Amino acid sequence: MTTDSMHGETLPSREVRFRAMAAKDHRFDGLFFIAVRTTGIYCRPVCPAPPPKRQNISFYPNAAAAATAGYRPCLRCRPELSPEAHAQVREDTVRRALAMIAEGALQDDSCASLAARVGLSARQLQRVFLTHVGATPHAVHATRRLLLAKQLLTETALPVTDVALAAGYNSLRRFNAAFKDGCGMPPGAIRRQKSADAAPSGTLTLRLGYRPPLDFPRLLAFLAKRSIPGIERVNADSYERVVGTTDAPAWIRVSEVAARPELRLEIDAADPRAIPDIVRRVRRMFDLDADLRAVHAVFADDPSLARAIALHPGLRVPCGWDGFELAVRAVLGQQISVAGATTLARRLVDTWGVQRTAITAGRIGLDRAFPSPQCLRDAPLENIGLPRTRAATLRALSAAVAEGRLSFEAGQTLEAFVQRATALPGIGAWTAQYIAMRALALPDAFPAGDLVLQQRLAPPGLARLSERATEARSQAWRPWRAYAVLHLWHLPMDVPARTTAAPTASVAVSASTKARRVSTKKTKVPGVRNRNDQDRAKP
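Residues numbered from 1 in each chain as written. Predicted model: local features only at pLDDT ≥ 70, side-chain atom pairs only at ≥ 80, totals over all residues. Heavy atoms only, no water.

Enquirer: Would you mind going over helix H3 (residues 92-102) with me for this structure?
Expert: Side chains of residues three or four places apart in an α-helix project in the same direction, reflecting 3.6 residues per turn. Looking at H3, one finds that the buried residues are Thr93, Val94, Arg96, Ala97, Leu98, Met100 and Ile101. The elements touched by buried residues of H3 are helix H4 (105-108), helix H5 (111-117), helix H6 (122-132) and helix H7 (137-155). Once H3 finishes, Gly104 follows within two positions and takes phi at roughly 100°, a positive value. (Buried < 20%, exposed > 50% of the residue type's maximum accessible area, 1.4 Å probe, protein only. Helix = DSSP H or I, 4+ residues; strand = E, 2+ residues; numbered from the N terminus. Contact = heavy atoms within 4.5 Å.)

Enquirer: Is there a simple way to think about the pattern of salt bridges in this case?
Expert: Once the charged atoms of two side chains with opposite charge are near each other, the side chains can pair. Inspection of the entire model under this criterion finds 28 salt bridges. In this structure, the salt-bridge partner of Glu232 is Arg241, at a minimum N-O distance of 3.4 Å. Each member of the pair, Glu232 as well as Arg241, carries the same accessibility label: buried. Connected through salt bridges with shared partners, the residues Arg78, Glu80, Lys150 and Glu155 form a single ionic network. (Salt bridge = Lys/Arg side-chain N within 4 Å of Asp/Glu carboxyl O.)

Enquirer: How should I be thinking about the packing of aromatic side chains in this particular structure?
Expert: Any pair of aromatic rings gets described here by the distance separating the centres and the angle formed by the planes. Throughout the structure, instances matching the rule amount to 14 aromatic pairs. Both rings, one in Tyr169 and one in Phe175, keep their centres 5.5 Å apart while their planes meet at 55°; by these two values the pair is tilted. Residue class for Phe175 comes out buried when judged on its relative accessible area of 1%. Seen from their ring centres, Phe446 and Trp477 are 6.2 Å apart, and the 65° between their planes marks the pair as edge-to-face. Residue Phe446 is located in the loop between helix H21 (429-438) and helix H22 (451-457), and its partner Trp477 is located in the loop between helix H23 (467-474) and helix H24 (481-489); the two are separated by 31 residues in the primary sequence. Just as Phe446 is buried, Trp477 falls in that class too. (Phe/Tyr/Trp six-rings, centres within 6.5 Å; stacked < 30°, edge-to-face > 60°.)

Enquirer: So what exactly am I meant to see when it comes to H24 here?
Expert: Burial within H24 is extensive, with nine of its nine residues counted as buried. For H24, the full list of buried residues reads Arg481, Ala482, Tyr483, Ala484, Val485, Leu486, His487, Leu488 and Trp489.

Enquirer: How should the packing of helix H14 (residues 303-311) against H24 be read in this particular structure?
Expert: Two packed helices can be described by the angle between their axes and the distance between those axes. H24 packs onto H14 with a crossing angle of 70° between their chain directions and a minimal axis gap of 9 Å. Between H14 and H24, the angle falls in the class roughly perpendicular. Where H14 approaches H24, its residues Leu305, Ala308 and Ile309 are matched on the opposing element by Ala484, His487 and Leu488. Per-class residue counts for the contact of H14 with H24 are five nonpolar, one polar and no charged. (Axes fitted to C-alpha atoms, helices over the stretch in contact; angles between N-to-C directions. Parallel < 35°, antiparallel > 145°, perpendicular 65-115°, else oblique. Nonpolar A, V, L, I, M, F, W, Y, C, P; charged D, E, K, R; others polar.)

Enquirer: I would appreciate a short explanation of empty space enclosed by the protein in the present structure.
Expert: The probe, sized like a water molecule, is rolled over the atoms to show the empty space still left. Following the criterion strictly, the structure yields three cavities of 30 Å³ or more and no others. There is about 150 Å³ of room inside the largest cavity. As for the largest cavity, its lining consists of 16 residues, of which Arg226, Glu232, Glu325, Leu326 and Arg438 are closest to the centre. Looking at the lining of the largest cavity element by element, the count peaks at three residues for helix H15 (residues 323-332). The residue makeup of the lining of the largest cavity, split by class, is seven nonpolar, two polar and seven charged. (1 Å grid on protein atoms, 1.4 Å probe; cavity = no way out; pocket = protein on both sides within 12 Å on 5 of 7 lines; lining within 4 Å. Points joined across faces, edges and corners; volume = space filled by probe spheres on them.)

Enquirer: Explain the environment of Ser466 to me, please; I cannot follow it from the model alone.
Expert: Looking at where Ser466 falls in the secondary structure, it is placed in the loop between H22 and H23. When the C-alpha positions of Ser466 and Gln455 are compared, they lie 9.4 Å apart, and in sequence the two are 11 residues distant.

Enquirer: Explanation requested: the sheet that holds strand S4 (residues 72-73) in the structure shown.
Expert: By way of backbone hydrogen bonds, the strands of a sheet pair with one another, either parallel or antiparallel. One open sheet holds the four strands; their spatial order is S3-S1-S2-S4, and the pairing between them is mixed. Two strands close off the open sheet at either side, each with one partner strand: strand S3 (57-60) and S4. Here two bridges tie strand S2 (residues 41-43) to S4, and the two strands are oriented parallel to one another. The partner of Tyr42 across the bridge, within S4, is Pro73. (Pairing = 2+ DSSP bridges.)

Enquirer: Explain the sheet that holds strand S9 (residues 262-268) here, please?
Expert: One open sheet accounts for five strands, arranged S5-S9-S8-S7-S6; its pairing is antiparallel. The two strands at the open ends of the sheet, each matched to only one other strand, are strand S5 (204-209) and strand S6 (232-234). For this sheet, the mean inter-axis angle between neighbouring strands, taken without regard to orientation, is 20°. Strand direction decides the pairing type here: S5 and S9, joined by six bridges, are antiparallel. Its bridge partner being in S9, Leu204 is matched across the sheet by Ile267. Strands in contact with helix H11 (residues 216-225) are S6, strand S7 (238-244), strand S8 (249-257) and S9; relative to S8, the strand with the most contacts, it is inclined by about 140°.

Enquirer: Looking at this model, I keep getting lost on the environment of Ile278. Mind explaining?
Expert: If you trace the backbone, Ile278 turns up in helix H12 (residues 275-285). Classification of Ile278 as buried rests on a relative accessible area of 3%. On a C-alpha basis, the gap between Ile278 and Trp321 in space is 9.4 Å, while along the polypeptide they are 43 residues apart. Residue contacts for Ile278: discarding those within four places in its chain leaves Val243, Ile252, Leu265, Ile267, Ala270 and Trp321.

Enquirer: Please clarify how the pairing of S7 should be interpreted in this entry.
Expert: It is a general feature of regular strands that their side chains alternate between the two faces of the sheet. The element S7 is extensively covered by neighbouring structure, given that six of its seven residues are classed as buried. In terms of strand pairing, S6 meets S7 through three bridges, oriented antiparallel. Paired with Glu232 across the two strands is Arg241, which belongs to S7. Counting the residues that bridge the hairpin from S6 to S7 gives three residues. Judged from the seven bridges that link them, S7 and S8 form a sheet pairing that is antiparallel. Note that in S8 the partner of Tyr239 across the bridge is Val254. Linking S7 to S8, which pair antiparallel, is a turn of four residues.

Enquirer: Would you mind going over the confidence of the model for the protein chain with me for this structure?
Expert: Regions with low pLDDT carry predicted coordinates that are not meant to be interpreted in detail. Within the protein chain, residue pLDDT values average 89, and 87% of them lie at 70 or more. Contacts from residues 498-534, a stretch scored under 50 in pLDDT, to residues over four places away or in other chains number 58 contacts. (pLDDT = per-residue confidence, 0-100.)

What follows is the structure, encoded as structure tokens:
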């Protein structure tokens, strides 16, 4: 199925596609692929090869659809470097299933199992995938494995056996057959065409593409304020972390490539089978698959967000490496400053974090592993300075994760996750939405109870909007409200958004009355109404 035959999907028009091809515009990278009938290959819109004749071109929405139609990936532009564009698929069930496939849902389980997780039959799932993606779920999974293997063969010196393991193949014979069928040549031929760059001590270096713009320094600054010593380190130009098990850790570093719209991912001492998960987590952490053109188009009519985008056009939503770690960090940050929450996180890791014994971890100073849910569910957390109620919340959160009542796996709906999270004592809407935004990477998460957002969006004369009015104001920004949150948080204090915002219908009380109400509550924590809503933190 070509993009011309797709209905209802937010993809560029045919003429825009041709113009993007002519300009080699990286903003359209991954939003569509060009298949050339005379050569039998498919390319990125930024392919450096001379453009083919228009009558020989077919467009496909993704690499899996082009592969399903019988095309093989271009060796020159390398489609494996393209960012994904699954967020452009309008069907929610398909988006959720694609997220689960990216997390490895079809590596060991069947398509029927995946269909059951999203509430469909296997036949229904196949049908909606063909309609909205142009390929079956298994074809999407197979194409992902093939392109990862192609990248590892091209950019690293990993033995072919290890590449097969990283791509999810337990049989080298099956890997060779699948690779030859998908790429038109055996794996060894790819390796012979281009040798990997030399790397110290066996470190792997991979290229991770994105659609510009990307404000990498601002992402690093955001993560640096929230980093946990001993587990991660954020420098002026890179992010470092030790991942993996305590007795077999792997080290990663992420930095920017100045000449191309790419990040550089360095991996040392990793089990080949862990490479897909590392790549996926890094891409999610730095929001590399975002299409900011679509986000900014939704915000264009809002003066507050238009000004914020002008100040920081490459701002994205930085996620956490691990869902449980991020959730604990969010609870620690309730009602206190970012610096205070970081101090508590350091104490928690120093007290209950597992010491990594490997020489590599000790050498680089990242020698701690974040404590597990099982470790914290009965821990005396009050000993690190936590209030009794907050310690109880952390224990309840840890128990829920340990028992499977709350998870951070891909493919959850925002509503279902928030409902499960807020059922826990001490976790209100703010914390649940914040976790959904930064642990699950749900782009429509919106903590309407956030004090900074309420202040930024208040019209002249009001100290802040109510939570209901803030929620109402955000409806026009769907489905990208998480990006609005980051933009409003990053507005300078001397550039208040409220000067451009019109009062909503919910703000019927006079400004003076509202101001008096706010001033009389200065001694209270804003918004605390019950035990499940004691979670208004600073961003």
